[in-house]
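Now for the letters of each chain:
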Number of protein chains: 2
Amino acid sequence: MVLRALVPWDGLAPAGSTLHVDVYDGVAAPPSDVDDVVCYVLPYPQVTAMPLITRMPRLRYLQTLYAGIDDVAPLVPAGATLCNGRGLHDASTAEHALGLILAAQRYLQTWVRNQDRHEWRQQYTASLADSTVVVVGYGSIGQALGRRLVACEATVVPVASRPREGVHGIAELPALLPTADIVVLVLPLTDSTDRLFGADSFALLRDGALVVNVGRGRVLDSEALLAEGGRIRAALDVTDPEPLPADHPLWTLPGAIITPHVAGGSATFYPRARRFVAEQLRRIVAGEQLHNVVLGPPIVAL
Amino acid sequence: MVLRALVPWDGLAPAGSTLHVDVYDGVAAPPSDVDDVVCYVLPYPQVTAMPLITRMPRLRYLQTLYAGIDDVAPLVPAGATLCNGRGLHDASTAEHALGLILAAQRYLQTWVRNQDRHEWRQQYTASLADSTVVVVGYGSIGQALGRRLVACEATVVPVASRPREGVHGIAELPALLPTADIVVLVLPLTDSTDRLFGADSFALLRDGALVVNVGRGRVLDSEALLAEGGRIRAALDVTDPEPLPADHPLWTLPGAIITPHVAGGSATFYPRARRFVAEQLRRIVAGEQLHNVVLGPPIVAL
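Everything quoted here is computed from the prediction, not taken from an experiment.

Section: the state of the cysteines
Reasoning step 1: Scanning all chains against the criterion turns up zero disulfides over all chains.
Reasoning step 2: Cys83 of chain A carries a free sulfur, and the closest cysteine sulfur to it, the one in Cys39 of chain A, is 10 Å from it.
Reasoning step 3: Looking at Cys152 of chain A, it has no disulfide partner, and the nearest cysteine sulfur is the one in Cys152 of chain B, 6.2 Å off.
Reasoning step 4: Given a relative accessible area of 1%, Cys152 of chain A falls into the buried group.

Put into structure tokens, the structure is as follows:
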């Protein structure tokens, strides 16, 4: 019988394979018959495409393009492999964090506002080069940011929940903060990161230090930041609360740049996701171990 | 007799040397007696500090922190060495170019304007990662930008006036422009670069391509850019004319970001200039060859 794969984009059939690859993008009507689907790559977004999983009795490989799997995991048939999309949003998030840092250091807000007034007014700016950047959270996004910062001739001080070779533990943060020109928070929200960065941390920072948050809004204590009254600059892609209400004082805090949780959502996601899926299919056909396996066997036998 | 050096910052006396190092920053009153000055590092800016050169009959080494030497060269005593500041502004300029690219790709103008209206409105953006960036002008600034772009996971296509290993010649530009998502101009103004980038070049670019200029304003034909009516995005640190008059249509061209020729002037210049001068003084004392010699002997005999 035919072995069929359902993927969100065309042009992904592995060379020299008998795997029959069809396209389902989650927007058009779903295929009527999915009995023989052995590989299913969920489209992005995936909500409308999830119920189809329950009609795939022969499914061996399910791929989500999200990092989180709480919604799809219960639908995976016994013995099938589930892989997630960890890493696909790293470049986008790291790049946005870098853009926020450069916008703050090189006074982009000032230039935008002056442009809107047709004003050519020069001013000497801060810089990223030669700055010390403490990156709190050094998983794949933090490391992607670290590589960009090093290329920008900044000194990177990596901090993670547990110390490891070349990476400081979170317990060392109070000793590191006084050395920082810039602090970047790239942390998930957990019990131990909730309002991790508050009044005590701000108090350790130099006047004019920049705090960037591209992790989760609640990792940074908004009230404590507001209490600094602009002594500390901030560039926030995530906020607490979120979305930020129109009357919230963070909008007008001096030295604050706010973007509406858009770090992960940029054009770079698609080509990455495409390459990733193409490589996963190649590995399946070649009988090789898959990337990002979170449930089931790492090698899929079709 | 005492051998004296005049430098713009303190703390620069080479260890274990008899060289007597004094500070003159170009702002305070100049020293009354400069007869015995053998090394003179001009402050930055240098205009007010240049006349002093004519009162230094024993001068052996003159250092300007600018790249250009047309103004100081005629003042150098016969047989003395003149060194320039080539490279000291590279990081600052490359970093600003990167900031302009990220601002354009990640819609920073939109977020600044929305913040001023207290509006949280999400939008999917373009990205730098996975983009193809044609860098026209691949000297030290172009290469500094190239390293940053590679770390940002972009594909860099270097172009210089003459082709060399790994760098395309300017004659190939028409063939390269249709492949570009982003074009960065990092060119000096010469007879052959004056309005180099005009209607013919724009016509070869894809809709929505981004053109960045951090070289000289006249390298890009402003009228030709305006004639595109926003089909091509632009991020300009230098313009033609410059400064841009308040009633100039470039201010309001859709998709244009304008900064007032501030790429080279950021905080990163000072530490670099300091390190550079310290190393030059060390080399003089050690009898080693100097960096950035543009006139006179490469080794200074005090």
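Observations concerning the environment of Trp9 of chain B
Residues and elements named next belong to chain B.
Reasoning step 1: Among the structural elements, Trp9 can be located in the loop between β1 (4–7) and β2 (20–23).
Reasoning step 2: Trp9 sits in the buried class, given a relative accessible area of 17%.
Reasoning step 3: Discounting residues that sit within four places of it in the chain, Trp9 has contacts with Val23, Leu65, Tyr270, Ala273, Arg274 and Val277.

Examining the sheet that holds strand β11 (residues 233–236) of chain A
Residue and element names in this part refer to chain A.
Reasoning step 1: Ordered in space as β8-β7-β6-β9-β10-β11-β12, the seven strands form an open sheet in which the pairing is parallel. Lying at the two open borders of the sheet, with one neighbouring strand each, are β8 (168–169) and β12 (256–258).
Reasoning step 2: Alignment of strand β9 (residues 182–185) against strand β10 (residues 210–213), held across four bridges, turns out to be parallel. Across the sheet, Leu185 pairs through a bridge with Asn213, a residue of β10.
Reasoning step 3: Seen against the sheet, helix α1 (residues 90–105) touches β9, β10, β11 and β12 and runs at an angle of roughly 155° to β10.

A short note on the sheet that holds strand β3 (residues 37–41) of chain B
Residues and elements named next belong to chain B.
Reasoning step 1: Taken in spatial order, the six strands of this open sheet run β2-β1-β3-β4-β5-β13, and their pairing is mixed. Looking at strand neighbours, the two that pair on one side only are β2 and β13 (293–295), the edges of this open sheet. Direction aside, the axes of adjacent strands within the sheet are offset by 25° on average.
Reasoning step 2: Along the sheet, helix α7 (residues 269–286) contacts β1, β3, β4 (61–63) and β5 (81–83); its crossing angle with β4, the most-contacted strand, is approximately 170°.

Here we look at the interface of chain B and chain A
Reasoning step 1: Residue-level contacts link 59 residues of chain B with 59 residues of chain A.
Reasoning step 2: In this assembly, chain B packs against chain A so that about 5200 Å² is buried in total across both faces, 57% of it on carbon and sulfur atoms.
Reasoning step 3: Looking at the side of chain B facing chain A, the largest losses of area belong to Arg106, Gln115 and Trp120 of chain B, adding up to 16% of the total buried there.
Reasoning step 4: Inspection of the region where chain B meets chain A yields twelve salt bridges.
Reasoning step 5: Measuring nitrogen to oxygen at the nearest pair gives 3.6 Å for the salt bridge that ties Asp130 of chain A to Arg275 of chain B.

Section: the relation of the copies chain B and chain A
The operation linking the two copies of the chain is a rotation about an axis combined with a translation along the axis.
Reasoning step 1: Of the transformation superimposing chain B on chain A, the axial component is 0.1 Å and the angular component is 179°, with the fit at an RMSD of 0.3 Å. As the rotation angle and translation indicate, the two copies are arranged about a two-fold axis.
Reasoning step 2: Both copies contact each other with a shared surface, as 100% of the interface residues of chain B are interface residues in chain A too.

Details of α7 of chain B
Residues and elements named next belong to chain B.
Reasoning step 1: In a regular helix each residue adds 1.5 Å, so 18 residues correspond to 26 Å; α7 covers 26 Å between its end C-alpha atoms and thus fits that length.
Reasoning step 2: All of the buried residues along α7 are Phe269, Arg272, Ala273, Phe276, Val277, Gln280, Leu281, Arg283 and Ile284. The arc that holds the buried residues of α7, viewed along the axis, is 165°, so those residues lie on one side.
Reasoning step 3: Close packing links the buried residues of α7 with β1, β3, β4, β5 and α1 (90–105).
Reasoning step 4: Of the residues trailing α7, Gly287 is marked for its positive phi of about 70°.

Some remarks on the pattern of salt bridges
Reasoning step 1: All chains considered together, the criterion is met by 36 salt bridges over all chains.
Reasoning step 2: The closest approach of N and O atoms between Arg117 of chain A and Glu119 of chain A, which form a salt bridge, is 3.7 Å.
Reasoning step 3: For Glu119 of chain A, a relative accessible area of 27% gives the class partly exposed.
Reasoning step 4: When the shortest N-O distance is used, the salt bridge between Asp22 of chain B and Arg4 of chain B registers 2.5 Å. On the criterion of sequence distance, the pair formed by Asp22 of chain B in strand β2 and Arg4 of chain B in strand β1 is long-range, its members being 18 residues apart.
Reasoning step 5: Each of Asp130 and Glu153 of chain A together with Arg148, Arg272 and Arg275 of chain B takes part in salt bridges that share partners, so that together they form one network.

Rules and cut-offs
- Residues numbered from 1 in each chain as written.
- Chains lettered and ligands numbered in written order.
- Predicted model: local features only at pLDDT ≥ 70, side-chain atom pairs only at ≥ 80, totals over all residues.
- Heavy atoms only, no water.
- Disulfide = S-S within 2.5 Å.
- Buried < 20%, exposed > 50% of the residue type's maximum accessible area, 1.4 Å probe, protein only.
- Helix = DSSP H or I, 4+ residues; strand = E, 2+ residues; numbered from the N terminus.
- Contact = heavy atoms within 4.5 Å.
- Pairing = 2+ DSSP bridges.
- Axes fitted to C-alpha atoms, helices over the stretch in contact; angles between N-to-C directions.
- Buried area = accessible area lost by both parts, 1.4 Å probe.
- Salt bridge = Lys/Arg side-chain N within 4 Å of Asp/Glu carboxyl O.
- Least-squares fit on C-alpha atoms with pLDDT ≥ 70 in both.
- Expected span 1.5 Å × (residues − 1).
- Arc of directions from axis to C-beta.

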